[in-house]
Amino acid sequence: MSQVGQTTARALLRRLAVEQAECRVPSLTAAIVRDGRTAWFGGRGRVGDAEPTPATQYRIGSITKSMVAVVVMRLRDEGLLDLNDPLERHLPGTKVGHLTIAQLMSHTAGLTAEPPTEWWERTPGIPVHDLVDRLDDKELKHRPGRRFHYSNVGFALLGELVGRLRGTTWLKALRAEVLDPLGMRDTTPRPRPPHATGYAVHPFADVVLAEPEHDADAMGPAGQLWSTPHDLARWAAFLCGHTGGVLSQDTLAEMREPAGVDDGDSWTSGFGLGLQLSRSRGRRLSGHTGSMPGFLATVWTDPGDDVGVLFMANTTTGMSGTLTDDLLDILHEFEPRMPDEWRPVPADPDLLALTGLWHWGPKPYVLRLLPERRLSLEPVGGAGRASRFVPQDDGTWLGLDGYYAGETLRVAPDHLNLNTFIFTREPYDPGAPVPGGVSDWHA
């Protein structure tokens, strides 16, 4: 299975072995996904009397949320809902119906983290109608939109939303629309052999205690699923952009856009639409972590480098927190990706004539021509507003990112009009229509 060299594979396996031994994990698997395929797999410890394999099931906890979110985005793309819709429009009768779908998906709704029940991860679940009846104003902990506040309950509601709009259950919809098309046939709501047993490892002795496992029922969309390293590697490939037609590239990119920040002003972790985000060691990662009693799992992807990393373990707690970063570091150190070969491409002469220096008042900017008639406008020296633009059918360009995301760029021979801001070839060119007029430069 390995597509990395022998030296790389040994270094990766050694890092995994150190994690399993020093953190006292009963069994631990990990994989690297590159260019849509599993490049390396490793397993340590024992499941029963055997080493874990790519077919061994582990519980993946909240990684379930990211899969449910994909079905919600499919419903949006089909026009069956809008992310700004209040929950009440599609799931009437709740006391939190004013919360929007986008707020629930990004954990910015202010809804309580845990349901008003017993410890839901360790006790049999309750029906969704019972959960809905228990939700009231006391379960709103923050003003909607004010801040990031992780909510398992929010995804229970999103799962019910999916079921009602599809006329089935969230699980059947997920199976038909995501899991089966991606070939994830060993991702199931309950364990099947061979599977790892979830354990709590004693903090002061080398003994283990089996953790409970049950059907979470209404809370299932928040963390019910079991999966295998093989299936989770396919999920990592999906998050890198190998979507198999399940979701458009633009929609997947939208899910990766930061919507909430989890750790303060200079954020390193946050949340998009159903996806966790992380900025770590120079990488911009998206994916999700997962934990349930007896299990830990994580999948992170770097779509820009088309690489993903995952691990699955049957322990309640105690892992280092650096395993996935370290595995990516090893891959980059031993087998860094070659940059794509540069090749010249044909250019429209009219667009080519637009390239070069433009000025926003006295500040110089550079306009560059990108593939597929796209444009890039960025300040000389790097400080200031930079955006890329994609051509539109009416002859304008639409901003893709930065300050001008969603704004319109109109091009004329002697100036650029970017949402009323005028860029000229010379600073405040008197021959261009700069609002307010210009005076002569003087000492």
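Structure report, in brief. Being a predicted model, the structure only gives us computed values, none of them experimental. (Residues numbered from 1 in each chain as written. Predicted model: local features only at pLDDT ≥ 70, side-chain atom pairs only at ≥ 80, totals over all residues. Heavy atoms only, no water.)

Considering the environment of G304
Next up, step 1: Within the fold, G304 resides in the loop between β11 (295–302) and β12 (307–313).
Next up, step 2: Along the sequence, G304 and E341 sit 37 residues apart, while their C-alpha atoms lie 16 Å from each other. (Helix = DSSP H or I, 4+ residues; strand = E, 2+ residues; numbered from the N terminus.)

Digging into the pattern of salt bridges
Pairs may arise between side chains of opposite charge once their charged atoms sit close together.
Next up, step 1: Under the criterion given, the structure shown has 27 salt bridges.
Next up, step 2: Here R337 ties to D305 by a salt bridge, and the two come within 3.0 Å at their closest N and O atoms. With R337 in the loop between α10 (323–334) and α11 (349–352) and D305 in the loop between β11 and β12, the pair connects residues that are 32 residues apart, well separated along the chain.
Next up, step 3: Assessed through its relative accessible area of 31%, R337 is described here as partly exposed.
Next up, step 4: For D305, a relative accessible area of 27% gives the class partly exposed.
Next up, step 5: Each of the salt bridges in this network shares a partner with another, and the network as a whole consists of R15, E19, R281, R283, D326 and D329. (Salt bridge = Lys/Arg side-chain N within 4 Å of Asp/Glu carboxyl O. Buried < 20%, exposed > 50% of the residue type's maximum accessible area, 1.4 Å probe, protein only.)

Let's talk about the packing of aromatic side chains
Next up, step 1: Taken as a whole and assessed by the stated rule, the structure comprises nine aromatic pairs.
Next up, step 2: When the centroid spacing of 5.0 Å and the interplanar angle of 85 degrees are considered together, the rings of Y403 and Y404 count as edge-to-face.
Next up, step 3: The rings of Y58, W226 and F295 are connected pair by pair, giving a single aromatic cluster.
Next up, step 4: The ring of Y403 has R385 lying over it, and the distance from NZ or CZ to the ring centre is 3.6 Å. (Phe/Tyr/Trp six-rings, centres within 6.5 Å; stacked < 30°, edge-to-face > 60°. Lys NZ or Arg CZ within 6 Å of the ring centre and 35° of its normal.)

Remarks on the sheet that holds strand β10 (residues 283–292)
Whether parallel or antiparallel, the strands of a sheet pair through hydrogen bonds between backbone atoms.
Next up, step 1: Read across the open sheet, the eight strands follow the order β2-β1-β12-β11-β10-β9-β8-β7; overall the sheet is antiparallel. Whereas interior strands pair on both sides, the edge strands pair on one side only; in this sheet they are β2 (37–45) and β7 (260–261).
Next up, step 2: Here strand β9 (residues 276–280) runs beside β10; their pairing, made up of five bridges, is antiparallel. Bridging across to β10, L277 finds its partner in S286.
Next up, step 3: Strands β1 (27–34) and β2 of the sheet are contacted by helix α1 (residues 6–22), whose axis makes an angle of about 35 degrees with β2.
Next up, step 4: The strands that α10 touches are β1, β2, β9, β10, β11 and β12; relative to β12, the one it contacts most, it runs at about 140 degrees. (Pairing = 2+ DSSP bridges. Contact = heavy atoms within 4.5 Å. Axes fitted to C-alpha atoms, helices over the stretch in contact; angles between N-to-C directions.)

As for the sheet that holds strand β20 (residues 421–424)
Next up, step 1: Taken together, eight strands build a closed barrel; the order of strands is β13-β14-β15-β16-β17-β18-β19-β20 and the barrel is antiparallel. Sheet twist, expressed as the average angle between the axes of neighbouring strands with direction ignored, equals 30 degrees.
Next up, step 2: The pairing of strand β17 (residues 397–399) with strand β18 (residues 408–411) spans two bridges and is antiparallel. From the neighbouring strand, L398 faces β18, where its bridge partner is T408.

Let's talk about the nonpolar core
Next up, step 1: Counting 63 residues, the largest nonpolar core has M67, M105, W235, F238 and M255 as its most contacted members.
Next up, step 2: With residues up to four places along the chain from it excluded, the contact list for M67 reads I60, L174, L179, M184, L225 and W235.
Next up, step 3: Listed in part, the 25 residues of the second largest apolar core include L28, A39, F311 and L323. (Core = buried A, V, L, I, M, F, W, Y, C linked by side-chain atoms within 4.5 Å.)

A closer look at the environment of V18
Next up, step 1: Within the secondary structure layout, V18 lies in helix α1.
Next up, step 2: Judged by its relative accessible area of 24%, V18 is partly exposed.
Next up, step 3: The sequence separation of V18 and E114 amounts to 96 residues, and the corresponding C-alpha distance is 34 Å.

Quick look at the packing of helix α2 (residues 63–77) against helix α8 (residues 229–240)
Next up, step 1: In contact at an axis separation of 12 Å, α2 and α8 are set at 50 degrees when each is read in the N-to-C sense. The orientation of α2 relative to α8 falls into the category oblique. For α2 against α8, the interelement crossing comes out left-handed. Side by side, α2 and α8 meet where I63, S66, M67 and V70 of the first sit next to L232, W235 and F238 of the second. (Parallel < 35°, antiparallel > 145°, perpendicular 65-115°, else oblique. Left-handed = near helix turned anticlockwise from the far one by under 90°.)

What about α1?
Next up, step 1: Between its first and last C-alpha atoms α1 spans 24 Å; for 17 residues at 1.5 Å apiece the expected length is 24 Å, and the two agree.
Next up, step 2: Restricting attention to buried positions, one finds in α1 the residues T8, A9, A11, L12, R15, L16, A17, E19 and Q20.
Next up, step 3: Turning to α1, the residues buried within the fold contact β1, β2 and α10.
Next up, step 4: R24 sits one or two residues past α1 and shows a positive phi near 55 degrees. (Expected span 1.5 Å × (residues − 1).)

Overview of the side chain of T56
Next up, step 1: In this fold, T56 is placed in the loop between β2 and β3 (58–59).
Next up, step 2: Here the side chain of T56 touches T53 through a polar contact of 2.9 Å, landing on its backbone nitrogen.
Next up, step 3: In this structure, T56 is in contact with V47, P194, H195, A196, S227, T228 and P229, ignoring residues within four places of it in sequence. (Polar contact = N/O pair within 3.5 Å; in protein donor to acceptor, adjacent residues only side chain to side chain.)

Examining the pairing of β9
Next up, step 1: For β9, a buried count of four out of five residues is recorded, marking the element as mostly surrounded by other parts of the structure.
Next up, step 2: The pairing of strand β8 (residues 269–271) with β9 spans three bridges and is antiparallel. Within the sheet, the bridge partner assigned to F271 lies in β9 and is Q276.
Next up, step 3: Counted between consecutive antiparallel strands, the loop separating β8 from β9 contains four residues, among which G274 sits at a positive phi close to 80 degrees.
Next up, step 4: Between β9 and β10, which pair antiparallel in sequence order, lie two residues; one of them, R281, sits at a positive phi of approximately 55 degrees.

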